[in-house]
Number of protein chains: 2
Amino acid sequence: MSGKVYKKEHQIKYYECDTTQKMTVSMLLNIMLHVSGEQSYSLGVGDEVLAEKGLAWIILQYEVNVDRMPAFYETINITTQATSYNKLFCYRTFKVYDEEGNLCVTVNSTFALMNIKERKMARVPDEIVAPYGSEFSKKLIRSPKPEKVDEETMLSKEYRVRYLDIDSNRHVNNSKYVEWVMDTLDLEFLTSHEIENMTIKFEKEVHYGQLIHSEMSLTKQEEGKVLTAHRIVTEGIINCEASILWKKAR
Amino acid sequence: MSGKVYKKEHQIKYYECDTTQKMTVSMLLNIMLHVSGEQSYSLGVGDEVLAEKGLAWIILQYEVNVDRMPAFYETINITTQATSYNKLFCYRTFKVYDEEGNLCVTVNSTFALMNIKERKMARVPDEIVAPYGSEFSKKLIRSPKPEKVDEETMLSKEYRVRYLDIDSNRHVNNSKYVEWVMDTLDLEFLTSHEIENMTIKFEKEVHYGQLIHSEMSLTKQEEGKVLTAHRIVTEGIINCEASILWKKAR
């Protein structure tokens, strides 16, 4: 676990929280990614340097572990650290601490580089990752696989991809997939449960104007925990898969 | 134009910008409102003090004037100032300055107090507004009225109110109405035009699960400017009206 740690303080705003006053996972992922972008910039390997080489970072997977989701008006510290990389994948961990220094959320992520012109994954050049101080390791990290949706019992909701779903990276913002995933559950469920763990795998990006189907099945229920399986589908193609382990809200 | 000025620096994040790299109006309104919330808190009249009196602020209208919308990674300064008030309405101005001190955006807003239990507008108590140092003036400020939608030529899109449209204030976030308004225009229009002026009037709040109709008509086109008229309607009731004057993007 080498790699330089970059840290940033963040004050939680009312519009980053849901009706339970807790920060939303989608906003947390947005802010985290801004922090890693700042680290890259400070190390001289920001997005504009990558763009000159015809490359851009893409996110393949997030695994989110929540001990306690911070709430409105708390000041949190977010750390980010590139942990290891191999020919194709870069692994990065984010941690969220509250004012007392308690670890609240841990997010393990898998990044890759895309050749912008060819729209294909590119080999990771040493000079791009060297500044982060992370280890080269041939070993592929086995990321947890999202639970499969049960087609017999699944529910589905439709969403049209909107103009404002696209951010300044000129792609549909990754947090929008999380919003479509969560919105398949109803108000009563979402206000009475909290996310304990979420695994989300981004497979194929969606585009402006597409009609996406957010499909969900309730997979397991035991000891007050609920496991939901999700996928985002467009025209029969799976764009994103996710599963969420929920616990009763405190 | 009395009233204490409160100022806050803000660094623009990638997820606060659209595909043209410029900050979105909806995120700007969110951030502005956080800044005025901070001023209230610092003056000892924060939301929790109001809640003890059974009161909460509601926003009736925004008038947004854009000289230049700041872009990704710029650091802006947002100022807010309560300008005057009368028995029922409080007027507040927000200004956004760039790093060189140029005024980029001005937002004039009309706030009112709601009696939470009765869901009715309440008289503005002196002790709540005194700390802001703004003037009492019997004179009602005539806010500009949004242009009316032309029913013969209007287009309409439907949106379902989602769980994550509700923020920690336990109401649908005001910026969501702006998102529904803007999404009636297509990608080609939105990437080739910029907002010069927007007037948005909030009339009746929408609720979780409701199907809203975002209606739009293209009212005038002259000298490269376009005026669009908008309204948000649920079950025949107008929830929100807006009009936007657009100019060709630079």
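Reading the values: rules and limits
Residues numbered from 1 in each chain as written. Chains lettered and ligands numbered in written order. Predicted model: local features only at pLDDT ≥ 70, side-chain atom pairs only at ≥ 80, totals over all residues. Heavy atoms only, no water. Buried < 20%, exposed > 50% of the residue type's maximum accessible area, 1.4 Å probe, protein only. Helix = DSSP H or I, 4+ residues; strand = E, 2+ residues; numbered from the N terminus. UniProt positions renumbered as here; feature names shortened; annotations may be inferred. Phe/Tyr/Trp six-rings, centres within 6.5 Å; stacked < 30°, edge-to-face > 60°. Domains from an automatic or database assignment. Contact = heavy atoms within 4.5 Å. Buried area = accessible area lost by both parts, 1.4 Å probe. Salt bridge = Lys/Arg side-chain N within 4 Å of Asp/Glu carboxyl O. Polar contact = N/O pair within 3.5 Å; in protein donor to acceptor, adjacent residues only side chain to side chain. Nonpolar A, V, L, I, M, F, W, Y, C, P; charged D, E, K, R; others polar. Expected span 1.5 Å × (residues − 1).

The element helix H4 (residues 174–182) of chain B is largely enclosed, with a buried count of 8 among its 9 residues. Buried within H4 of chain B are the following residues: Ser 175, Lys 176, Tyr 177, Val 178, Glu 179, Trp 180, Val 181 and Met 182 of chain B.

All right, on to the UniProt feature "domain: Acyl-ACP thioesterase N-terminal hotdog" (unreviewed entry) in chain A then. Following the UniProt record, one finds the feature "domain: Acyl-ACP thioesterase N-terminal hotdog" (unreviewed entry) at residues 3–132 of chain A. End-to-end, the C-alpha atoms of residues 3–132 of chain A are 6 Å apart, and along that stretch the chain is 22% helix and 42% strand.

Let us look at unusual backbone geometry. Residues and elements named next belong to chain A. Despite not being glycine, Gln 21 has its phi angle at roughly 75°, a positive value. Considering the arrangement of structural elements, one finds Gln 21 in the loop between strand S1 (5–11) and helix H1 (25–42). For Gln 21, a relative accessible area of 23% puts it in the partly exposed group. One non-glycine residue with positive phi stands out, namely Arg 119, at about 55°.

Following the criterion strictly, the structure yields 18 aromatic pairs over all chains and no others. Taken together, a centroid distance of 5.5 Å and an interplanar angle of 70° make the contact between Tyr 177 of chain A and Trp 180 of chain A edge-to-face. Highlighted residues: Tyr 177 of chain A and Trp 180 of chain A, both in helix H4 (residues 174–182), separated by 3 residues, approximately one helical turn. On the accessibility criterion, Trp 180 of chain A (1% relative accessible area) is buried. On the numbers, 5.4 Å between centres and 75° between planes, the contact of Tyr 85 of chain B with Phe 136 of chain B is edge-to-face. Of this pair, Tyr 85 of chain B sits in strand S3 (residues 75–85) while Phe 136 of chain B sits in strand S7 (residues 135–136), placing them 51 residues apart in sequence.

A few words now on the domain arrangement of chain A. All names here are of chain A. For chain A, the assigned domains are domain 1 (5–136) and domain 2 (155–248). Taking the mean C-alpha position of each, domain 1 and domain 2 sit 20 Å from one another. On the domain 2 side, the residues contacting the 18 residues of domain 1 number 20 residues. Both faces combined, the contact of domain 1 with domain 2 buries some 1500 Å², and carbon together with sulfur accounts for 51% of it. Across the contact surface, domain 1 and domain 2 share 2 salt bridges. Arg 119 is the salt-bridge partner of Glu 205, the closest N and O atoms lying 2.6 Å from each other. For the pair domain 1 and domain 2, the interface holds 11 residue pairs in polar contact (both at pLDDT 80 or more). Sorting the residues of the side of domain 1 that touches domain 2 by element identifies H1 and strand S2 (55–66) as the ones contributing at least two each. For the side of domain 1 that touches domain 2, the element with the most residues is S2, which contributes 8 residues. For the side of domain 1 that touches domain 2, the per-class residue count stands at 7 nonpolar, 6 polar and 5 charged.

This part covers the interface of chain A and chain B. Counting from both sides, the interface comprises 41 residues of chain A and, opposite them, 41 residues of chain B. Both faces considered, chain A and chain B share a buried interface measuring about 4000 Å² in area, 57% of it formed by carbon and sulfur atoms. Considering only the surface of chain A that becomes buried against chain B, Tyr 14, Arg 162 and Tyr 163 of chain A emerge as the three largest contributors, covering 22% of it. Taken together, the links from chain A to chain B amount to 0 salt bridges. Along the contact surface separating chain A from chain B lie 22 residue pairs in polar contact (both at pLDDT 80 or more). At 9 residues, H1 of chain A tops the list of elements feeding residues into the side of chain A that touches chain B. Class assignment of the residues belonging to the side of chain A that touches chain B gives a composition of 19 nonpolar, 12 polar and 10 charged.

Residues and elements named next belong to chain A. If you check H1, its first and last C-alpha atoms are 26 Å apart, about what 18 residues at 1.5 Å a residue would give, namely 26 Å. Of all 18 residues making up H1, 15 are buried, and the element is well covered by its neighbours. Positioned one or two residues after H1, Gly 44 has a phi angle of 80°, which is positive.

A few words now on the UniProt feature "domain: Acyl-ACP thioesterase-like C-terminal" (unreviewed entry) in chain A. Feature annotation in UniProt assigns "domain: Acyl-ACP thioesterase-like C-terminal" (unreviewed entry) to the following positions: residues 152–248 of chain A. In the segment residues 152–248 of chain A, helix accounts for 15% and strand for 52%; the C-alpha atoms at its two ends are 26 Å apart.

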